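Descriptive analysis of the structure
What follows is each chain in one-letter form.
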Amino acid sequence: MNKKEKVIIFTNETSQIDELQSNFSKADINLENILSLKDINDSKTARFKIEEKTTARIIITTDFVFDHDNVNINDISYVYNYDLTLKADKYKRRSRWAICDDKTGVSIILMTEKNISVANNLITILESFHQKVPEELYDMAKTFKIWQKKKETIKKQKHNIVNKIRRYHK
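Residues numbered from 1 in each chain as written. Predicted model: local features only at pLDDT ≥ 70, side-chain atom pairs only at ≥ 80, totals over all residues. Heavy atoms only, no water.

An unreviewed UniProt entry lists the chain under the name Probable ATP-dependent RNA helicase DDX53, with Polistes dominula given as the organism.

See below:
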């Protein structure tokens, strides 16, 4: 990342903005390099702070500030989706700043095993935007599908056992 590039980090909750700022501080990242949009509630003010009032290279925000597609932020090279969003319009809005102005930026989604149930949905979203889908994501979706089938089989077996017991006791 060069000195002109910026990164925007999206969270789903404002409380996570404080957590991220604290983690950056503990990692000795100068807080002057960080712009929190936690207390901003409109896109016009957010855009002004980003473009006119700050030299910060790390911007932390929620989707709330950018609910409208008419906001355009320059110099965003990296978009981190700290929290997974499965709404295609939100993902598109989040990621477009990394690719606006004919540049090729990077959009990163952080996932854990907690998100395994939505891996297939994310694959659909990524493919709809013609983005590269990591093999690990396909593996997560496959693992979840196998787990679902096992769970369904166990449920059917339990149901059959209960029915047998009921017939036996009639």
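Notes on the overall build of the chain
The number of helices and strands found in the chain is five helices and five strands. Mapped from its N terminus to its C terminus, the chain presents α and β elements in the order β-α-β-α-β-β-α-β-α-α. Restricting the contact set of the chain to residue pairs at least 6 apart, pairs at least 24 apart contribute 66%. Put simply, the chain shows about 11,600 Å² of open surface, and 50% of that area lies on carbon and sulfur atoms. (Helix = DSSP H or I, 4+ residues; strand = E, 2+ residues; numbered from the N terminus. Contact = heavy atoms within 4.5 Å. Areas by Shrake-Rupley, 256 points an atom, 1.4 Å probe, with all protein chains shown as cover.)

Structural notes on unusual backbone geometry
For residues other than glycine, phi is negative in most cases, and the peptide bonds are mostly trans. For D28, which is not glycine, the phi dihedral falls at a positive 60°. With respect to the helices and strands, D28 occurs in the loop between α1 (14-26) and β2 (34-36).

A short note on the pattern of salt bridges
On inspection of all chains with the given rule, the structure shows one salt bridge. Between E152 and K156 there is a salt bridge, and its shortest N-O distance comes to 3.7 Å. You can see E152 and its partner K156 sitting in helix α5 (residues 135-168), four residues apart, about one turn around the helix. Note on E152: relative accessible area 47%, which makes it partly exposed. (Salt bridge = Lys/Arg side-chain N within 4 Å of Asp/Glu carboxyl O. Buried < 20%, exposed > 50% of the residue type's maximum accessible area, 1.4 Å probe, protein only.)

Observations regarding helix α4 (residues 119-128)
Taken residue by residue, α4 has A119, L122, I123, I125 and L126 as its buried positions. With its buried residues spanning 165° around the axis, α4 presents them on a single face. Positive phi appears at H130, one or two residues downstream of α4, with a value of about 55°. (Arc of directions from axis to C-beta.)

Considering α1
Taking 1.5 Å per residue, 13 residues should reach 18 Å; α1 reaches 19 Å between its end C-alpha atoms and fits that length. At its buried positions, α1 is contacted by β1 (6-11), β2 and β3 (58-62). D28 sits one or two residues past α1 and shows a positive phi near 60°. (Expected span 1.5 Å × (residues − 1).)

Here's the deal with the sheet that holds β1
Overall, parallel pairing links the five strands, which are arranged β2-β3-β1-β4-β5 in an open sheet. Of all the strands in the sheet, just β2 and β5 (106-109) have a single pairing partner and so form its edges. Adjacent strand axes in the sheet meet at a mean angle of 20°, parallel and antiparallel pairs treated alike. As paired strands, β1 and strand β4 (residues 76-81) are joined by five bridges and run parallel to one another. Its bridge partner lying in β4, V7 is registered against Y78. Sheet strands touched by α1: β1, β2 and β3. Its angle to β3, the strand with the most contacts, is close to 160°. (Pairing = 2+ DSSP bridges. Axes fitted to C-alpha atoms, helices over the stretch in contact; angles between N-to-C directions.)

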